[in-house]
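# Tertiary structure, described
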Amino acid sequence: MPLLSSEIVEQVKQELAELAGPIRMVVFTQTFECQYCEETRQLVEEIAELSEQVTAEIYNFVTDKEMVEELGVDKIPATAIIGAEDYGVRFYGIPAGYEFASLLHAIKLVAAGKPELSHETLDVLAGVAEPVHFQVFVTPTCPYCQHSVMLAHQLAVASPMVRADMVEATEFPHLSIKYQVMGVPRTVINEKTHIEGAAPEPVVVEKLQEALAKSEGA
Amino acid sequence: MLDFKLSQPGQDKPSAAQGGEQVIDLLIIGGGPAGLTAAIYAGRAALKAVLLVGSMAGGQIANTDRVENYPGFPEGISGAELAQRFQSQAEHFVTKLANDFVTEVDFSSSPFTVKTHLETYRGRAVIVATGAFPRRLGVPGEKEFFGRGVSTCATCDGFFYRDRRVVVVGGGDSAIDEGLFLTKFASEVVVVHRRDQLRATKSLQERAFANSKMQFVWDTVVEEILGGETVTGVRVRNVKTDETSTIETDGVFVYVGLVPGTKLFEGQLEMNEQGYIVTDAHQCTSVPGVFAAGDVQSPDFRQVVIAAGAGAKAVIEADRYLAEATGPHA
């Protein structure tokens, strides 16, 4: 049974028709104790079928240690979207529901390598000299969440210092507890700075600067 | 059950009208039913139009569990899917659909200027369709606990309240609809309403009263949201007896009506006391060439079908205005 309906398949084909470059979708999985590993793998394989430019690579989280380390993957299912370079664009948990649009956005974004961000944002990012980690907690039924995920992924593509994860909160309850996620989207920047809700670009950039100021003070 | 939605705001279509300083025919601000319908009609009228969607196409319906009163869908349709269908149809017709947030407008002279965080647009006519947003309670604790127990989106956050008790504040359609949705997760849904009966439509009321997880606290308002790291309860007051008490809860979902999204237009368009844009029967605002449609100008009905109708009217009127202002477009 395919996961994607024929109607969605046609739309995805169109979306991926003019990809600016090749894309590797790298999935980490294991055979047991992982709620949506199998479906995530299947989803990525189905998408790879729809574009000549997209390839699926499947790795085992337990045995393929080298790859796990190289891509900095720490939980599964994980999907890394890699183009001409690895910008640090990741999905933890299955990108289903509204997050399916985030996944396609990430593929197109990474293929093009050109984020659509304001000059002000790009100026701030140019000055970022230390690592920044975005974790955007979502649920698949949240219509606002994709905005936050897409924005975080844009920032990751724009700056070599920024990496950005979508984290599907229902699949990682221990992280939901650790980061006190009781509403989504909730964005965690470098562990200590939080954004509630789908904040617009200037607000997210301000919070990024706040996170950096905190780490300097520490 | 897994599903995969492709509704994605801001799919920019390559076109001549990429903003910049170029003057286009029609700028539509807002991507709910009114704005999306306006985009469809603008395309059909062969107007060069840009639709500025904001964060999410669909507006309030994208966040609605089910829409059962939009004609053409005899079985009802999920709000998200209806929003997606509106958007797909708009994409066929509109010159550009952008995910930008509008930060500033200048309606003092034509062509009108609309700035977003990415670009500056200039349009010979504008349709304001920025809709309405959930009203906040405005009580202590609400802002502090937002995202840590206070929510306005049951479909987003219901999962976090599995087997817990939640409070829903309000008695209208949204409150009851979302309250019923929350019964899928929560052990108890306590509806706190300031009146002694619900305002929600009868069919929703019947479902609510038949659901054993739903409880009702009448004639009561929330005065404070209590908690430590997260919400632990609400302090409430009975408006008839003036007695106060505390209801223990892990989550508070607020559905106490809406406020119009008109802050951007203060001082530029005439508004009524509640902040809604004043229009005539033809969707004209106090500024010739600027039109308004949907919940932003009409708090009385709040229906998808009415917002869509108003969006269509606004374009027909804008097309007339443009033809008169500049002669028929060749």
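Residues numbered from 1 in each chain as written. Chains lettered and ligands numbered in written order. Predicted model: local features only at pLDDT ≥ 70, side-chain atom pairs only at ≥ 80, totals over all residues.

Each helix and strand in chain A was counted, giving eight helices and eight strands. At 17 Å, chain A has a C-alpha radius of gyration in line with the 17 Å of a compact globule built from 218 residues. Expressed as lengths along the three principal axes of its C-alpha atoms, the size of chain A is roughly 50 × 35 × 35 Å. A buried classification covers 51% of the 218 residues belonging to chain A. Pairs at least 24 residues apart make up 73% of the contacts formed inside chain A by residues separated by at least 6 positions. (Helix = DSSP H or I, 4+ residues; strand = E, 2+ residues; numbered from the N terminus. Rg over C-alpha atoms; globule rule 2.2 N^0.38 Å. Buried ≥ 20, exposed ≤ 12 C-beta atoms within 10 Å, placed from the backbone. Contact = placed C-beta atoms within 7 Å.)

What follows concerns the domain arrangement of chain B. When its domains are assigned, chain B resolves into domain 1 (23–134 + 258–326) and domain 2 (150–254). Its C-alpha centre places domain 1 of chain B at a distance of 32 Å from the equivalent point of domain 2 of chain B. (Domains from an automatic or database assignment.)

Looking now at the sheet that holds strand β12 (residues 220–227) of chain B. Residue and element names in this part refer to chain B. Spatially, the three strands line up as an open sheet ordered β12-β13-β14, and their pairing is antiparallel. Across the chains shown, the open sheet's two edge strands, defined by having one partner strand only, are β12 and β14 (244–248). Averaged over all pairs of adjacent strands, the angle between strand axes in this sheet comes to 30°, irrespective of strand direction. Two strands pair when backbone bridges link them, and β12 and strand β13 (residues 231–238) are joined in this way by seven bridges, in the antiparallel orientation. Counted as the bridge partner of Glu 224 is Arg 235 from β13. (Pairing = 2+ DSSP bridges. Axes fitted to C-alpha atoms, helices over the stretch in contact; angles between N-to-C directions.)

This next bit is on the packing of helix α4 (residues 99–112) of chain A against helix α6 (residues 145–158) of chain A. Residues and elements named next belong to chain A. Contact geometry of α4 with α6 gives a least axis separation of 9 Å together with a crossing angle of 20°. Classified by the interaxial angle, the pair formed by α4 and α6 is roughly parallel. Crossing handedness for the pair α4 and α6: right-handed. Residues Glu 99, Ala 101, Ser 102, His 105, Ala 106, Leu 109 and Val 110 of α4 pack against Cys 145, Gln 146, Val 149, Met 150, His 153, Gln 154 and Val 157 of α6. Along the lines of polarity and charge, the residues of the contact of α4 with α6 split into eight nonpolar, five polar and one charged. (Parallel < 35°, antiparallel > 145°, perpendicular 65-115°, else oblique. Left-handed = near helix turned anticlockwise from the far one by under 90°. Nonpolar A, V, L, I, M, F, W, Y, C, P; charged D, E, K, R; others polar.)

All names here are of chain A. If you walk across this open sheet you meet the eight strands as β2-β1-β3-β4-β6-β5-β7-β8, and the pairing is mixed. In this open sheet, the two edge strands, each paired with only one partner strand, are β2 (54–60) and β8 (193–196). Strand-to-strand twist across the sheet, computed as the mean angle between neighbouring axes with direction ignored, equals 20°. Bridge analysis of strand β1 (residues 23–29) against β2 gives seven bridges, and the strand direction is parallel. What sits directly across from Ile 23, in β2, is Val 54. On the sheet, helix α2 (residues 37–48) packs against β1, β2 and β3 (78–82) and is oriented at approximately 165° with respect to β1.

This next bit is on the interface of chain B and chain A. Interface size is commonly expressed as the accessible surface area that is lost when the partners come together. Opposite the 29 residues of chain B that make contact, chain A presents 32 residues. Looking at the side of chain B that touches chain A, the element that brings in the most residues is helix α3 (residues 154–157) of chain B, giving three residues.

Let us look at the environment of Thr 152 of chain B. Assignment of secondary structure puts Thr 152 of chain B in the loop between β8 (150–151) and α3. Distance from Thr 152 of chain B to Gly 251 of chain B, taken between C-alpha atoms, is 11 Å for residues 99 residues apart in sequence.

Now for the nonpolar core. Among the nonpolar cores identified, the biggest contains 110 residues, and Ile 107 and Val 110 of chain A together with Val 168 and Val 169 of chain B are the most heavily contacted of them. Ile 107 of chain A has contacts with Leu 16, Ile 23, Val 54 and Ile 81 of chain A, leaving out every residue within four places of it along the chain. Counting residues in each nonpolar core, the second largest holds 59 residues, with Leu 26, Ala 34, Leu 97 and Ala 129 of chain B among its members. (Core = buried A, V, L, I, M, F, W, Y, C linked by C-beta atoms within 7 Å.)

Our next topic: helix α5 (residues 119–126) of chain A. All names here are of chain A. Along α5, the residues classified as buried are Thr 121, Val 124 and Leu 125. Around the axis of α5, the buried residues are gathered within 100° of arc, so they sit on the same side. Turned more than 90 degrees away from the buried face of α5 sit His 119, Glu 120, Asp 123 and Ala 126, all of them exposed. (Arc of directions from axis to C-beta.)

This paragraph deals with the confidence of the model for chain B. Residues and elements named next belong to chain B. Of all residues in chain B, 94% have pLDDT values of 70 or greater, and the mean over the chain is 90. Between residues 9–19, whose pLDDT stays under 50, and residues either more than four places distant or in other chains, the model counts 29 contacts. ipTM for the predicted complex: 0.88, alongside a pTM of 0.84. (pLDDT = per-residue confidence, 0-100.)

Quick look at the pairing of strand β7 (residues 186–189) of chain A now. Residues and elements named next belong to chain A. Taking every second residue as pointing to the same face, both faces of β7 are buried, with Arg 186 and Val 188 on one and Thr 187 and Ile 189 on the other. For strand β5 (residues 132–138) and β7, the ladder comprises four bridges, and the chain directions are antiparallel. Each residue of the ladder has a partner; that of Gln 135, found in β7, is Val 188.

This part is about unusual backbone geometry. Looking along the chain, the bond that leaves Ile 76 of chain A and enters Pro 77 of chain A is cis, with omega of 0°. Examined against the element boundaries, Pro 77 of chain A turns out to sit in the loop between α3 (65–70) and β3. The amide bond that connects Ser 110 of chain B to the next residue, Pro 111 of chain B, takes the cis arrangement and shows omega of 0°. Take Pro 111 of chain B: it is sitting in the loop between β4 (102–106) and β5 (112–116). Although it is not a glycine, Asp 242 of chain B sits at a positive phi angle of roughly 70°. Mapped onto the secondary structure, Asp 242 of chain B falls in the loop between β13 and β14. The residue Arg 302 of chain B is not glycine, and still its phi comes out positive at about 50°. With respect to the helices and strands, Arg 302 of chain B occurs in the loop between β17 (290–292) and α6 (304–326). With 18 C-beta atoms packed within 10 Å, Arg 302 of chain B lands in the partly exposed category.

For the rest of this paragraph, the subject is the environment of Glu 144 of chain B. Among the structural elements, Glu 144 of chain B can be located in the loop between β7 (132–134) and β8. It is 32 Å that separates the C-alpha atoms of Glu 144 of chain B and Pro 33 of chain B, two residues lying 111 residues apart in sequence.

Residues and elements named next belong to chain A. By domain assignment, chain A separates into domain 1 (6–112) and domain 2 (119–217). One C-alpha centre belongs to domain 1, the other to domain 2, and the line joining them spans 20 Å. The interface of domain 1 with domain 2 comprises 22 residues on the first partner and 22 residues on the second. Secondary structure elements with two or more residues in the side of domain 1 that touches domain 2: β4 (89–92) and α4. Element by element, the count of residues in the side of domain 1 that touches domain 2 is highest for α4, at seven residues. For the side of domain 1 that touches domain 2, a count of residues per class yields 13 nonpolar, six polar and three charged.

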